[in-house]
Amino acid sequence: MAKPSAVLFVCLGNICRSPLAEAAFRREAARIGLEVAVDSAGTGDWHVGEPPDSRAIAVARANGIDIADYRGRQVTPADFERFDHIVALDGANLARLRALRPAGARAALSLLLDHVPGREGEPVADPYYGADEGFDTTWADVTAGTRALARRIAGPE
Ligand code: 4NP
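Numbers given to residues run from 1 along each chain, matching the order in which its sequence is written. Given that the model is predicted, a residue must reach a pLDDT of at least 70 before its local features are reported, and side-chain atom pairs must reach 80 or more before they are shown or counted; all residues, however, enter totals for whole chains, interfaces and linings. Water and hydrogen atoms were dropped before computing side-chain values, which therefore reflect all heavy atoms in the structure.

**Quick word on the overall build of the protein chain**
Elements are defined by DSSP. Helices are runs of H or I of four residues or more, strands are runs of E of two residues or more, and each kind is numbered from the N terminus. A tally of regular secondary structure across the protein chain gives five helices and four strands. Mapped from its N terminus to its C terminus, the protein chain presents α and β elements in the order β-α-β-α-α-β-α-β-α. To get the radius of gyration, use the C-alpha atoms; to get the globule rule, take the number of residues to the power 0.38 and multiply by 2.2 Å. Expected size for 157 residues packed as a compact globule is a radius of gyration near 15 Å; at 14 Å, the protein chain falls within 12% of this value. Over its C-alpha atoms, taken along the principal directions, the protein chain stretches across nearly 45 × 35 × 30 Å. Here the term buried applies to any residue with accessible area under 20% of the maximum for its type, exposed to any over 50%, and partly exposed to those in between, with areas from a 1.4 Å probe on protein chains only. By the burial criterion, 50% of the 157 residues in the protein chain qualify as buried. Every accessible area reported is derived by Shrake-Rupley at a probe size of 1.4 Å, with residue values counting cover from the shown protein chains alone. In the form shown here, the protein chain has an accessible surface area of approximately 7700 Å², with 53% of it arising from carbon and sulfur atoms. Charge assignment: positive for Lys and Arg, negative for Asp and Glu; neither His nor the chain ends contribute. Charge positions come from single atoms, namely NZ of Lys, CZ of Arg, CG of Asp or CD of Glu. Taken together, the 18 basic and 22 acidic charged side chains of the protein chain have centroids lying 4 Å from each other.

Here it is in structure tokens:
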């Protein structure tokens with residue numbers, strides 16, 4: 001079977017959690033030599049066309065990654081054919097994706113932290129309305145989740 005080759009990360013606004021997941025996954029995929037297309041999107045449309053939240057840009061920069069050029073977009077029905085994996089950052093967005101998924105679409109849906117042994121079912125909490133420190137927690141969560149996901153997609157050595 002051909003290996004999956006495209007992964008989409010989805011949160012609510014596509015300006016905090018999913019851009020950080022995209023950035024962390026891109027770096028991990030490059031590190032382990034995994035060839036994969038990566039994108040992120042939101043289930044909501046409030047921030048379409050906008051750059052990530054300044055606090056998300058800052059935490060990515062503090063970890064050596066520039067995400068200032070990322071732009072928000074909303075999930076579309078075509079995404080369910082384009083992507084092999086659509087990975088939700090929390091349960092509410094996973095439920096929304098299940099409702100949006102066209103019958104028979106190819107994308108497999110999952111929750112990011114379901115890929116981390118011992119953290120199944122946990123959300124990556126929304127840091128938008130909280131203090132700046134919340135973005136450090138988000139970064140730690142998306143780093144753990146995307147490492148495990150990249151390893152799973154790469155498969156056995
Ligand atoms: P995100 O955070 O889903 O991690 O991008 C949010 C960003 C914006 C809003 C909610 C969550 N909002 O309601 O505008």
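**Section: the pattern of salt bridges**
Basic side-chain nitrogens of Lys or Arg form a salt bridge, by our definition, when they fall within 4 Å of a carboxyl oxygen of Asp or Glu. Taken as a whole and assessed by the stated rule, the structure comprises 12 salt bridges. Between Arg26 and Glu22 there is a salt bridge, and its shortest N-O distance comes to 2.9 Å. Of this pair, Arg26 and Glu22 are both found in helix α1 (residues 17-32), four residues apart, which corresponds to roughly one turn of the helix. Overall, Arg26 belongs to the partly exposed group, its relative accessible area being 39%. The exposure class of Glu22 is buried, given its relative accessible area of 5%. Among the ionic pairs, Glu28 bridges to Arg147, the shortest N-O distance being 3.8 Å. Here Glu28, found in helix α1, pairs with Arg147, found in helix α5 (residues 133-154); they are 119 residues apart in sequence, far enough to count as distant. The class of Glu28 is buried, set by a relative accessible area of 5%.

**Topic: the side chain of Asp90**
Mapped onto the fold, Asp90 is located in the loop between β3 (85-88) and α4 (91-100). On the accessibility criterion, Asp90 (13% relative accessible area) is buried. In protein, a polar contact means a hydrogen-donor-capable atom and an acceptor-capable atom, both N or O and within 3.5 Å, with residues adjacent in sequence counting only if both atoms are side-chain atoms; elsewhere, any N or O pair within 3.5 Å suffices. Of the polar contacts made by the side chain of Asp90, one reaches the backbone nitrogen of Ala92; its length is 3.3 Å. In terms of polar contacts, Asp90 uses its side chain to reach the backbone amide nitrogen of Asn93, at 2.9 Å. Only heavy atoms matter for contacts: two residues are in contact if any of them lie within 4.5 Å across the pair. In contact with Asp90, not counting residues within four places along its chain, are Arg17, Leu111, Pro123 and Val124.

**Re α5**
The first and last C-alpha atoms of α5 sit 32 Å apart over 22 residues, in line with the 32 Å expected at 1.5 Å per residue. Those residues of α5 that are buried are in contact with β1 (6-11), α1, α2 (54-62) and β3. Positioned one or two residues after α5, Gly155 has a phi angle of 80°, which is positive. In this analysis, the expected span of each helix is defined as 1.5 Å times one less than the number of residues it contains.

**Quick word on the pairing of strand β2 (residues 37-42)**
Burial analysis of β2 places five of its six residues in the buried class, which makes it a mostly covered element. Taken together, the six bridges between β1 and β2 define a ladder with parallel strand orientation. Paired with Leu8 across the strands is Asp39, a residue of β2. Think of it this way: DSSP has to see at least two bridges between two strands before they count as a pair.

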